[in-house]
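Structure assessment
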Amino acid sequence: MSVTNAPILITGASQRVGLHCAERLLDDGHSLIVTYRSEKPELETLRARGALTLHADFTNETSILAFIEHLKAHTDALRAIVHNASAWFAEAPGEEAAAFQQLFTVHMLAPYLINLHGAALLQRSERADIIHISDDVVRKGSGNRPAYCASKAGLDSLTLSFAARFAPHIKVNGIAPALLMFNPDDDAEYRSKALKKSALGFEPGPDVVYQSLRYLLDTPYITGTTLTVNGGRHLK
Ligand SMILES: NC(=O)C1=CN([C@@H]2O[C@H](COP(=O)(O)OP(=O)(O)OC[C@H]3O[C@@H](n4cnc5c(N)ncnc54)[C@H](OP(=O)(O)O)[C@@H]3O)[C@@H](O)[C@H]2O)C=CC1
Ligand SMILES: Nc1nc2c(c(=O)[nH]1)N=C([C@H](O)[C@@H](O)CO)CN2
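The sections below set out a description of the structure shown in this document.

Thresholds applied
Residues numbered from 1 in each chain as written. Chains lettered and ligands numbered in written order. Predicted model: local features only at pLDDT ≥ 70, side-chain atom pairs only at ≥ 80, totals over all residues. Heavy atoms only, no water. Helix = DSSP H or I, 4+ residues; strand = E, 2+ residues; numbered from the N terminus. Contact = heavy atoms within 4.5 Å. Core = buried A, V, L, I, M, F, W, Y, C linked by side-chain atoms within 4.5 Å. Buried < 20%, exposed > 50% of the residue type's maximum accessible area, 1.4 Å probe, protein only. Near = heavy atom within 4 Å. Polar contact = N/O pair within 3.5 Å; in protein donor to acceptor, adjacent residues only side chain to side chain. Areas by Shrake-Rupley, 256 points an atom, 1.4 Å probe, with all protein chains shown as cover. Nonpolar A, V, L, I, M, F, W, Y, C, P; charged D, E, K, R; others polar. Salt bridge = Lys/Arg side-chain N within 4 Å of Asp/Glu carboxyl O. Axes fitted to C-alpha atoms, helices over the stretch in contact; angles between N-to-C directions. Left-handed = near helix turned anticlockwise from the far one by under 90°.

For the rest of this paragraph, the subject is the side chain of H132. Mapped onto the elements, H132 comes out in strand β5 (residues 128-133). Each residue touching H132, except ones within four places of it in the same chain, is listed here: H83, P111, N115, L155, L158, T159, V172, N173, G174 and I175.

What follows is the structure, encoded as structure tokens:
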């Protein structure tokens with residue numbers, strides 16, 4: 001028997017985009033499981049609203065598999081898996097291989113293993129989706145953050161492969177934003193330069209990712225697709 005109200009899993013949801021999407025999905029009436037790496041006050045708000053918060057640090061295969069076992073101990077079905085957890089940094093000189101490993105692990109190995117082991121949970125849900133949060137930067141590459149960009153490109157490839165493997169019951173799609181939210185330490189010069197890179201020229205905030213998530217969850221006939229949410233950056 002298929003489950004109609006299985007929880008949505010969203011990773012890295014203790015702050016910013018993931019936290020906003022978690023709050024909006026709760027507003028929509030979904031039950032929710034979120035992962036966090038470091039405890040934050042905002043997690044208490046999610047807990048108070050009934051979300052299950054599971055600690056997860058996607059550092060290596062062992063820690064990822066340990067999370068998966070922890071997840072399976074708390075639910076036997078999932079409505080969707082949203083892979084939002086991410087690290088964004090330029091690899092420091094002399095630390096390139098370690099950075100590449102870290103970025104590959106959080107952006108590719110974790111989604112890969114969680115999808116493989118989570119597919120059985122998704123199969124038990126009446127409707128099922130996997131959504132990878134990628135980055136528009138994959139479109140042209142990144143001179144400043146090549147390892148980050150390559151790991152997100154690999155995530156886009158997993159969107160195609162898992163869409164083919166898990167059809168027809170599980171839809172697999174991606175969302176590729178460009179600038180969404182600045183970080184607190186982004187100075188005025190960086191912000192001005194970043195805004196000029198898109199045709200629309202403004203900082204959209206996290207709700208454009210929630211709107212894209214809502215669209216992919218609700219539409220029955222899209223799989224293997226990555227939605228570009230970049231303010232027309234490709235036009236500049
Ligand atoms: N913000 C933007 O403008 C853009 C964002 N994106 C993408 O959108 C998504 C959300 O962005 P944003 O909210 O800024 O993301 P953040 O940079 O705020 O990171 C989201 C979360 O990922 C968690 N995380 C990082 N590394 C690991 C790990 N190894 N294991 C488990 N969790 C980890 C962090 O946990 P902790 O806080 O504990 O470190 C953090 O809370 C990301 O996938 C990002 O790449 C794409 C383009 C633009
Ligand atoms: N995990 C993260 N990924 C990205 C972030 C971020 O803050 N965390 N920020 C960006 C930038 O906004 C970029 O899109 C524009 O400068 C990209 N990825």
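So, next bit.
With that out of the way, let us pick up the nonpolar core. Counting 33 residues, the largest nonpolar core has F58, F67 and I114 as its most contacted members. For this core, the secondary-structure elements that each account for two or more residues are α3 (61-72), α4 (96-123), β5, α5 (146-166) and β6 (170-177). Top element by residues in this core is α4. It accounts for 9 residues. Once you skip the residues sitting within four places of it in the chain, I114 turns out to touch L9, F58, I64, F67, I68, I81, H83 and A119. With 29 residues, the next largest nonpolar core counts A13, L19, L26 and Y36 among its residues.

Here we come to the site of ligand 1. Close to ligand 1 lie 25 residues; Q15, R37, S38, K40 and L180 are nearest. D57 places a side-chain nitrogen or oxygen 3.5 Å from a nitrogen atom of ligand 1. Contact between ligand 1 and N84: an oxygen atom at 2.9 Å from a main-chain N or O atom of the residue. Relative to its unbound accessible area of 890 Å², ligand 1 is 89% covered by the protein chains. Its residues assigned to classes, the shell around ligand 1 shows 12 nonpolar, 7 polar and 6 charged.

Here we come to the pattern of salt bridges. On inspection of all chains with the given rule, the structure shows 10 salt bridges. Measuring nitrogen to oxygen at the nearest pair gives 2.7 Å for the salt bridge that ties D129 to R79. Highlighted residues: D129 in strand β5 and R79 in the loop between α3 and β4 (80-83), separated in sequence by 50 residues. Both residues of the pair, D129 and R79, belong to the buried class. In this structure, R139 and D136 form a salt bridge, with 2.7 Å as the shortest nitrogen-oxygen distance.

A few words now on unusual backbone geometry. Cis geometry marks the peptide bond from A167 to P168; its omega dihedral reads 5°. Residue placement: P168 occurs in the loop between α5 and β6. A positive phi angle, near 50°, is found at R16, a position not held by glycine. You can see R16 is positioned in helix α1 (residues 16-27). Given a relative accessible area of 29%, R16 falls into the partly exposed group.

Before going further, it helps to spend a moment on the packing of α3 against α4. Running from amino to carboxyl end, α3 crosses α4 at an angle of 30°, the nearest separation of the two axes being 10 Å. The interaxial crossing formed by α3 with α4 has right-handed handedness. Here α3 contributes E61, I64, L65, F67, I68, L71 and K72 to the contact with α4, which in turn contributes T105, L109, A110, L113, I114, H117 and L121. Looking at the contact of α3 with α4 residue by residue, the classes come out as 10 nonpolar, 2 polar and 2 charged.

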